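# Structural description and commentary
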Amino acid sequence: MNDEQLLRYSRHILLDEIGIEGQEKLLCSRVLMVGAGGLGSPVALYLGSAGVGRLTVVDHDRVDATNLQRQIAHTLARIGEFKAVSVVQAVAAINPDVTVIPVTERADDALLDQLVPEADLVIDCTDNFATRHAINRACVKHRKPLVSGAAIRFDGQVAVYDPRSAQSPCYACVFPESDLLEETRCASMGVFAPLVGIIGTVQAAEALKLLCNVGQPLTGRLLMLDGRGMTWNEMKLARNPSCAVCGGH
Ligand SMILES: [Zn+2]
């Protein structure tokens, strides 16, 4: 690290759990995040400010006026731009150390198969089950830790699924693809503005912890927030031996 970086990251370096070694790990880390909306905004801003070396942002959507109530990485001036590109500009304005790569394509199996192996860690900031399952399949296949978050109305949840650990369930162990869950489209549902900020910020914290081996990750634990009463609950998650995705691994 140069003098400028020692200053920029001094509040991380002062933490015993991170220090210079941990900060250097962050600067060498490669993170893939899928979704640059409500959850993706705080994730990108915190990973960017914290100095994660390379951030790949996948989102095929464009910024519109209804996004600005909660998707804090975007601005009025960037309405109509790709969200992935808008996030790159937001991070660039904070930290020139971070290489942010926008990918403006849909996150399908082929794209994930190409991007997941290059990442140290994957963060799911999407809003639909089909993409969540595609991301999970790629993470299990390439043995990459997955930080998963979801937020709708006043309810949020976060969990870490880590295929490197034999005990860890995968997303499909908990939410099997065969379950015909009714797709709740973000476009027709309300979302309390700071809820995505709270959940996305927890995702960013878990990602940074995993990247520099700090504390106990949320692996195998589903953290659930009821924003109405501001109550948090935690559920232990078990691996499903007959899971269609990770059962054979
Ligand atoms: Zn599984």
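Described in the following lines is the structure provided in the data block. (Residues numbered from 1 in each chain as written. Predicted model: local features only at pLDDT ≥ 70, side-chain atom pairs only at ≥ 80, totals over all residues. Heavy atoms only, no water.)

Right, let's talk about the environment of Leu26 for a bit. Tracing the sequence through the fold places Leu26 in helix 3 (residues 19-27). Along the backbone, Leu26 and Phe82 are 56 residues apart, and their C-alpha atoms lie at a distance of 27 Å. With residues near it in sequence (within four places) discarded, Leu26 still touches His12, Ala50, Gly51, Val52, Gly53, Leu208, Leu211 and Cys212. (Helix = DSSP H or I, 4+ residues; strand = E, 2+ residues; numbered from the N terminus. Contact = heavy atoms within 4.5 Å.)

Time to look at the coordination of the zinc ion. Cys170 (SG), Cys173 (SG), Cys243 (SG) and Cys246 (SG) make up the full set of protein donors to the zinc ion, lying at 2.3 to 2.4 Å. The coordination sphere of the zinc ion comprises four donor atoms, whose angles at the metal cover 94 to 122°; the geometry is tetrahedral. Sequence spacing among the residues donating to the zinc ion works out to C-x2-C-x69-C-x2-C. Here Cys173 is found in helix 8 (residues 171-174), whereas its partner Cys243 is found in the segment after strand 8 (231-236), with 70 residues between them in sequence. Just as Cys173 is buried, Cys243 falls in that class too. (Donors = N, O, S within 2.8 Å, 3.2 Å for Na, K, Ca; no water. Tetrahedral: all angles 85-135°; square planar, octahedral: opposite > 155°, others 65-115°. Buried < 20%, exposed > 50% of the residue type's maximum accessible area, 1.4 Å probe, protein only.)

Without other data, these values stay purely geometric and don't point to any function.
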